[in-house]
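# Structure assessment
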Amino acid sequence: MNLLAVVLQSQGGADYSFLIMMVAIFAIMYFFMIRPQNKKQKEIAKFRKSLEVGQSVVTAGGIYGKIKEVEDNTVVVEIAAGVKIKVDKNSIYADAQAQPAK
């Protein structure tokens, strides 16, 4: 006798409600938590690949500025007149205030 038959007999037959409930919970978590987060991460990665000089950005530390140079893994951001900082691309986000309304 296989293991599945033993498990089904111990539960009183073909009671699949627990299995259906677990599948439903996983589906709900996927569509409301995992999928939107993956979509947002893809949008952020796409934004970081398309960084251009003159674009307004925000660093992960909350510093607003304009891009002056774009390198392979870093970006030079001007945060005030004559004040430039070098920031890793992974800590750059879009400036929501500078984006045009859609």
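Quick caveat, the model's predicted, so the values are computed rather than measured. (Residues numbered from 1 in each chain as written. Predicted model: local features only at pLDDT ≥ 70, side-chain atom pairs only at ≥ 80, totals over all residues. Heavy atoms only, no water.)

### Some words on the pairing of strand E2 (residues 64-70)
As paired elements, strand E1 (residues 56-59) and E2 share 3 bridges and run antiparallel to each other. Among the inter-strand pairings, Ser 56 is bridged to a residue of E2, identified as Lys 66. Counting the residues that bridge the hairpin from E1 to E2 gives 4 residues, and of these Gly 62 lies at a positive phi of roughly 90°. Note that E2 and strand E3 (residues 74-80) share 4 bridges and pair antiparallel. Bridged to Glu 69 within E3 is Val 76. (Pairing = 2+ DSSP bridges. Helix = DSSP H or I, 4+ residues; strand = E, 2+ residues; numbered from the N terminus.)

### A word on the packing of aromatic side chains
How two aromatic rings sit relative to each other is set out by the distance from centre to centre and by the angle between their planes. Scanning the entire structure with this criterion turns up 1 aromatic pair. For the pair Tyr 30 and Phe 31, a centre-to-centre distance of 5.1 Å together with 80° between the ring planes defines the contact as edge-to-face. Given a relative accessible area of 34%, Tyr 30 falls into the partly exposed group. The ring of Tyr 93 is capped by Arg 48, whose NZ or CZ atom sits 4.9 Å from the centre of that ring. (Phe/Tyr/Trp six-rings, centres within 6.5 Å; stacked < 30°, edge-to-face > 60°. Buried < 20%, exposed > 50% of the residue type's maximum accessible area, 1.4 Å probe, protein only. Lys NZ or Arg CZ within 6 Å of the ring centre and 35° of its normal.)

The analysis is restricted to geometry; functional conclusions fall outside its scope.
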